Amino acid sequence: MKIWIKYLIAILLGLGVGLFIPIPGSAFDTAVLVFVNLARIILVPLLFFSIPIAAYELHEEKKLFRVSARSILYGMAAILLLTIIGAGTAFLIPASRIPLGSETGTIHALPALSTLFLGIVPANVLGILGMSDYLMPVLILGIILGISFTTDKAAAKPITTFSDSLSHLLWHINSFVIEIFPLALIVLAAARTATIRDIKDIDIYGRIFSVIAIEAIIITLAIIPLAVFLANKRKNPFAVLYAMLAPALIAFASCNSYAPGGAILKHLKESLGVRRRIGTVALPLVLSFGRAGTAMVSATLFIVVIASYSSIGLNTSTFLWLLLFVPLSAILSGAAPALGPIASVAFLCANYGKGFESGYLLLIPIALPLSAIGAFLDTLIAGTLVKLVALAENETKPREIRHFI
């Protein structure tokens, strides 16, 4: 059975449990944390021992800089494009205003830009191994080690052999986690469904979900296929979406952009034929610079907040402001994989000011489903961007769809 089918069945079972069994979503809190951690448990070690080998090989072929630059460029281009789509769609198809009330609540804030820089250069390099919420330090250390292997190949041979062996061993462990994860998805889906079931007056947000659904359809069925079609010599562009379906289901149920990381790597290699050295280097960069789905949802939500507080609506200066600050929020959210669009909206409200500082409170009741949608789109786009990088570097092996895992 294909992995995505097992995942879909598990999510449907969890959906049934969450809908028809009166268990509060809070009863699942510990289990949710355990299973989200299970999805991520191998990602950092796998990358840490795989990146030096990948960087070494790419550096030897003079491709390391190009692959890194393409990954960052594609990620930032995707963020900018989806910011325009999110803001433009919300402007052309206005969502209904949310009634102002006495909403209260707190959310975790996005990390400051200074925190990201300090994370990249910690006082103790071994501390990088404990950073599970930001992949850039792991990537940079791995690239430094990989390049250093080229300075004295004889001395580095035992280390490269050790790293390569551990990389392959961790790859098999990652594959095992992916195979058993349907059991976790049942619990995750039940917990998410129970939480959403208990949202009061969710119908007042129906127009918002309709607008975001239209945007998601445009991205999924038009933008992504067109980009792959043009880059892949006019071949079937929907194969990429099919291959990324299983990781996207993990993202949707976990509401965490790093949780499907191991599944993305596996499906890139075994379904889309992307060489591991490309996926290993490109994926951390794309996840750090390419949370484009979250950026799109955040842009839409911010306009809804403005419309709910004021009848002035969107003007040119606000639109240009969004083109600067939404991408910045997307980069910051790359170091906060568990935070969704609401955290980005809070960041936008705080920086926009003008009385909108608390505007994000209007959206707190629907934070969970918005996080699920954002993570789902982030995963589809991340996998697509890595595939585009591999195509540009001629680092793929064609596979038939019937052989996809």
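To keep things clear, this report deals only with the structure shown in the data block. (Residues numbered from 1 in each chain as written. Predicted model: local features only at pLDDT ≥ 70, side-chain atom pairs only at ≥ 80, totals over all residues. Heavy atoms only, no water.)

Quick look at the side chain of Asp-378 now. Of note, Asp-378 is situated in helix α16 (residues 367-392). Here the side chain of Asp-378 touches Arg-291 through a polar contact of 3.2 Å, side chain to side chain. Leaving out residues up to four positions away in the same chain, Asp-378 has contacts with Ser-257, Arg-291, Ala-292, Gly-293 and Thr-294. (Helix = DSSP H or I, 4+ residues; strand = E, 2+ residues; numbered from the N terminus. Polar contact = N/O pair within 3.5 Å; in protein donor to acceptor, adjacent residues only side chain to side chain. Contact = heavy atoms within 4.5 Å.)

As a further point, take empty space enclosed by the protein. The final tally for this structure, using the stated rule, is four cavities of 30 Å³ or more. By volume, the largest cavity is sized at about 60 Å³. Every residue lining the largest cavity is listed: Tyr-7, Ala-39, Asn-174, Val-177, Ile-178, Phe-181, Ile-250, Ala-259, Gly-262 and Ala-263. Secondary-structure elements contributing two or more residues to the lining of the largest cavity are α7 (153-197) and α11 (261-270). When residues of the lining of the largest cavity are assigned to their parent elements, the largest contribution, four residues, is made by α7. (1 Å grid on protein atoms, 1.4 Å probe; cavity = no way out; pocket = protein on both sides within 12 Å on 5 of 7 lines; lining within 4 Å. Points joined across faces, edges and corners; volume = space filled by probe spheres on them.)

Another aspect to go through is the pattern of salt bridges. Within the structure shown, the criterion is met by 12 salt bridges. The partner of Glu-393 in a salt bridge is Arg-66, and the shortest N-O contact between them spans 2.8 Å. Separated by 327 residues along the polypeptide, Glu-393 in the segment after α16 and Arg-66 in helix α4 (residues 64-92) bring together distant segments of the chain. Taking the relative accessible area as the measure of exposure, Glu-393 reaches 4% and is therefore buried. Judged by its relative accessible area of 37%, Arg-66 falls in the partly exposed class. Notably, a salt bridge pairs Glu-395 with Arg-275, separated by 3.4 Å at the nearest N-O pair. (Salt bridge = Lys/Arg side-chain N within 4 Å of Asp/Glu carboxyl O. Buried < 20%, exposed > 50% of the residue type's maximum accessible area, 1.4 Å probe, protein only.)

This part takes up the environment of Pro-369. Turning to its location among the elements, Pro-369 is positioned in helix α16. Between the C-alpha atoms of Pro-369 and Cys-255, which are 114 residues apart in sequence, the distance is 8.4 Å. Not counting residues within four places of it along the chain, the set of residues in contact with Pro-369 comprises Ile-196, Ile-199 and Phe-209.

With the rule as written, the count across this model stands at 11 aromatic pairs. Ring geometry for Trp-4 against Tyr-242: centres 6.0 Å apart, planes inclined by 70°, an arrangement best described as edge-to-face. Here Trp-4 is found in helix α1 (residues 3-20), whereas its partner Tyr-242 is found in helix α9 (residues 238-243), with 238 residues between them in sequence. Pairing Phe-252 with Phe-376 gives two aromatic rings, centres 6.1 Å apart and planes at 85°, and the pair type is edge-to-face. With Phe-252 in helix α10 (residues 245-254) and Phe-376 in helix α16, this residue pair connects regions lying 124 residues apart in the sequence. Phe-252 sits in the partly exposed class, given a relative accessible area of 39%. Joined through ring pairs, the aromatic side chains of Phe-302, Trp-321, Phe-325 and Tyr-352 make up one cluster. (Phe/Tyr/Trp six-rings, centres within 6.5 Å; stacked < 30°, edge-to-face > 60°.)

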